Amino acid sequence: MKVRLASVLSPAAAAKPAHAICLFVLLQLYFASNMLSFGFWSSSDSVFGYMVVFYGVWIAGHVVALSLFLAAARRFDLAWLALAALFILSVPFAWDLWVRSIEIDTDAIRRTVKILLLPATYLYFRIGLGAVRWTACAVLLLCVLAFMGHAQPAVSTVKSLYFDSVELDRKMNVHVIMLDSFTHTPFTKEFMGIENPAADHLASLDDAIYAGGMGFVEHVPTKIAWASLFNLGQRSVNYGSFSGSTPSRLTVLLRENGYSISTGFSSDYFGWHKGEYVDNYYRGVVRNLMRTLACTTKKGKLGFCSEFSQSIFSRLFLEETGRTGDKSEVREIRTRTIKEWPETVIDLIDHAERNATTPLFSAFHIYWPFGHTGGTYRTGDTEMLAEFKRDFVNKAPQTRKVVEHIDRLRKRYPESIFIVSGDHGPWLSRTAPEEDRRFIVLDRHGVGLALLNASNLCAWSREWLARQRYLTASRMLAATLACNGESRKLTEHFTDNEEFIRFGESFSKE
């Protein structure tokens, strides 16, 4: 029995324009929801705001085009034209946004998903137009679930207020500086065939404890690394502790012992506003989409990371200054690019040291110059590895300059402790099989790490660090704050990660 093409392409029920547009918009929102989730939960407020504007304009343009097709379909009684328009106009968001935004290991699988999306989209509209309410509710639920995909479990701030009180007998100034994706030469030599002059310079400094191949971060990536540091090495998803929006074990401890607490990030990655649990929260301003977490690859999502998009983004979201602190202490920072941020960090610590009236603690993150692999990086791809190596080699001298600036700063304030660490490794193991544990652990958790002005540590703390089979920034921080009496309790909760020990010791000794 012959089935005419027109009947196959016709929806199960007549397409009412309002219903068709509703189902179309909901489907596009679903296709965009994974990117929007990443922008909201893992990028920054400004990037997420621009995503809403950018994809909103795209959807609005598609709705205008769809409305014209729907009008033509009703005018000429061509039911198939309405379904065809719904189907065709959904392809850009399906293929160039949704498929690109999900982690797919190979091009073959990516192409297969694209092909399977075609009949799925067709069936969605053909069947959905006959059951609009049920279909709309189902897709709306999927949108909510997809949007929550990059969210992390909430942490009870009430529980975190009841940390054990510890009296510190020594209250020296402490500054923790994390460099993004900063690893050490033992790793780069083995897995990339190159050295890391920035880490090597850090290893050459005097009055320092350098971890070498035994430097690690307990939990990764960036937000979790900082959250665990603010919990003195224990795993935490309390990301608000960095900006002070929620309390942490560290900030409660420091506040009770009279410290002034300052934090800073080169963008609004940890949020726009200072919370009540830190005294100063500095942030840079995102000027370039290519330097945000949403654009770690040159492949744009519907042109989101294109030069045109960057220009519009700058005009809509560019700010002149970053501010922090109470009004009486606000210092306007007139460096607004990520490239200028390392100098800003040096200036902020220097300014705080020169004007200190209380013990100081600061935690600053430097995102540039080093960076990790992009979201589409494939482990084992020789071309991708070669490209990353070239970028690494080009940025290494700039990273060394950052380390040199930190060294000069710590010599200016010899009675203060400076801890320099990577927040995680370069993430070359992005698609590595789970069985390759050594590569994965060393690549993600192994970092360049040093404590500068180590002579300021009390004798007990130096001995405690010397007994550790590997070092982390959290262990160094706890040892810095501990000395005699009950302050030694700060080191009691640390337990060893056997993989860190085994894999760290496996580096060949030259």
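Residues numbered from 1 in each chain as written. Predicted model: local features only at pLDDT ≥ 70, side-chain atom pairs only at ≥ 80, totals over all residues. Heavy atoms only, no water.

S.K.: Explain the overall build of the protein chain to me, please; I cannot follow it from the model alone.
M.R.: Tallying secondary structure elements over the protein chain gives 19 helices and nine strands in all. In the protein chain, which comprises 510 residues, the proportion classed as buried is 54%. Partitioning the intrachain contacts of the protein chain with sequence separation of at least 6 by distance along the chain shows that 74% fall at a separation of at least 24. When the accessible area of the protein chain is evaluated, it comes to approximately 23200 Å², of which 57% is carbon and sulfur surface. (Helix = DSSP H or I, 4+ residues; strand = E, 2+ residues; numbered from the N terminus. Buried < 20%, exposed > 50% of the residue type's maximum accessible area, 1.4 Å probe, protein only. Contact = heavy atoms within 4.5 Å. Areas by Shrake-Rupley, 256 points an atom, 1.4 Å probe, with all protein chains shown as cover.)

S.K.: For this particular structure, what's the right way to read helix 3 (residues 45-75)?
M.R.: Residue pairs spaced three or four apart in an α-helix point in one direction, given the helix's 3.6 residues per turn. For helix 3, built from 31 residues, the straight-helix expectation of 45 Å at 1.5 Å per residue is met to within 8% by its first-to-last C-alpha distance of 44 Å. Once helix 3 ends, the next one or two residues include aspartate 77, with phi positive near 55°. (Expected span 1.5 Å × (residues − 1).)

S.K.: Would you explain the pattern of salt bridges in this entry?
M.R.: Any two side chains of opposite charge can pair, on the condition that their charged atoms come close. Scanning the model with the defined rule gives 15 salt bridges in all. Here arginine 438 and glutamate 190 are joined by a salt bridge, their closest N and O atoms 2.6 Å apart. Taken together, the positions of arginine 438 in helix 16 (residues 437-445) and glutamate 190 in helix 8 (residues 185-192) put the pair 248 residues apart, joining distant regions of the chain. For aspartate 407, the salt bridge is made with lysine 411, and the minimal N-O distance between the two is 3.4 Å. You can see aspartate 407 and its partner lysine 411 sitting in helix 15 (residues 382-412), four residues apart, about one turn around the helix. For aspartate 407, a relative accessible area of 7% puts it in the buried group. A network of salt bridges, in which partner residues are shared, links Asp206, Asp407, Arg410 and Lys411. (Salt bridge = Lys/Arg side-chain N within 4 Å of Asp/Glu carboxyl O.)

S.K.: Can you walk me through the packing of aromatic side chains in this structure?
M.R.: Applying the stated criterion across every chain, the model contains 32 aromatic pairs. Between tyrosine 50 and phenylalanine 313 the ring centres are 5.3 Å apart and the planes differ by 75°, which places this aromatic pair in the edge-to-face class. With tyrosine 50 in helix 3 and phenylalanine 313 in helix 13 (residues 307-317), this residue pair connects regions lying 263 residues apart in the sequence. Across the pair, exposure class does not vary: tyrosine 50 and phenylalanine 313 are buried alike. Put simply, the rings of Tyr50, Phe54, Tyr55, Trp58, Phe93, Phe304 and Phe313 touch in pairs and so form one group of aromatic residues. Above the ring of phenylalanine 76, the side-chain terminus of arginine 75 is found at 5.4 Å from the ring centroid. (Phe/Tyr/Trp six-rings, centres within 6.5 Å; stacked < 30°, edge-to-face > 60°. Lys NZ or Arg CZ within 6 Å of the ring centre and 35° of its normal.)

S.K.: Hey, could you run me through the state of the cysteines in this one?
M.R.: A covalent bond bridging the sulfur atoms of two cysteines is what the word disulfide describes. Enumeration over the complete set of coordinates arrives at one disulfide. Disulfide pairing is shown between cysteine 295 and cysteine 305; the S-S distance is 2.0 Å. Measuring handedness by torsion sign, the sulfur bridge of cysteine 295 and cysteine 305 sits at about -85° and is left-handed. Here the residue cysteine 295 occupies a position in the loop between strand 5 (280-283) and helix 13, and cysteine 305 occupies one in the loop between strand 5 and helix 13, the gap between them amounting to 10 residues. The two residues cysteine 295 and cysteine 305 agree in class, both being buried. Cysteine cysteine 137 is unpaired, with the sulfur of cysteine 22 as its nearest cysteine sulfur at 9.3 Å. Here cysteine 137 falls in the exposed class, since its relative accessible area comes to 52%. (Disulfide = S-S within 2.5 Å.)

S.K.: Honestly, the side chain of histidine 219 in this entry has me stumped. Any pointers?
M.R.: Within the secondary structure, histidine 219 sits in the loop between strand 3 (215-216) and helix 10 (222-229). Exposure remark for histidine 219: the relative accessible area of 19% places this residue in the buried category. There is a polar contact of 3.3 Å between the side chain of histidine 219 and the backbone nitrogen of arginine 235. Residue contacts for histidine 219: discarding those within four places in its chain leaves Ile224, Ala225, Ser228, Gly233, Gln234, Arg235 and His445. (Polar contact = N/O pair within 3.5 Å; in protein donor to acceptor, adjacent residues only side chain to side chain.)

S.K.: Can you walk me through the environment of alanine 20 in this structure?
M.R.: Inspection of the secondary structure puts alanine 20 in helix 2 (residues 17-42). Sequence-wise, alanine 20 and valine 132 are 112 residues apart; in three dimensions their C-alpha atoms are separated by 8.5 Å. In contact with alanine 20, not counting residues within four places along its chain, are Leu66, Leu70, Leu86 and Leu129.

S.K.: In this structure, what is going on with unusual backbone geometry? I would like to understand it.
M.R.: Glycine aside, negative phi is the norm for most residues, and most peptide bonds take the trans geometry. The omega torsion across valine 220 and proline 221 is 5°, close enough to zero to call that bond cis. With respect to the helices and strands, proline 221 occurs in the loop between strand 3 and helix 10. The linkage connecting tryptophan 368 with the following residue, proline 369, adopts the cis geometry, with an omega of 20°. Tracing the chain through its elements places proline 369 in the loop between strand 6 (360-366) and helix 15. In this model, leucine 302 sits at a positive phi of 60°, which is unusual for a non-glycine residue. You can call leucine 302 buried: its relative accessible area is 8%. For tryptophan 427, which is not glycine, the phi dihedral falls at a positive 65°. Of the residues examined, tryptophan 427 reaches a relative accessible area of 14% and is grouped as buried.

S.K.: I keep staring at the sheet that holds strand 5 and nothing clicks. Help me out?
M.R.: Adjacent strands of a sheet pair through backbone hydrogen bonds, lying either parallel or antiparallel. Within the open sheet, the seven strands sit side by side as 2-8-7-1-6-4-5. Their pairing is mixed. Both outer strands of the open sheet, strand 2 (208-210) and strand 5, are each paired with one neighbouring strand and no more. Averaged over neighbouring strand pairs, the angle between their axes works out to 10° when direction is ignored. Where strand 1 (residues 174-179) lies against strand 6, six bridges are found, and the strand directions are parallel. (Pairing = 2+ DSSP bridges. Axes fitted to C-alpha atoms, helices over the stretch in contact; angles between N-to-C directions.)

S.K.: Before we go on, may I ask you to explain the side chain of histidine 445 in this structure?
M.R.: Tracing the backbone through its elements, the reader meets histidine 445 in helix 16. Note on histidine 445: relative accessible area 17%, which makes it buried. A polar contact is formed between the side chain of histidine 445 and the backbone oxygen of glutamate 218, at a distance of 3.5 Å. Beyond its immediate sequence surroundings of up to four residues, histidine 445 is in contact with Gly215, Phe216, Val217, Glu218, His219, Val220, Ile440 and Phe500.

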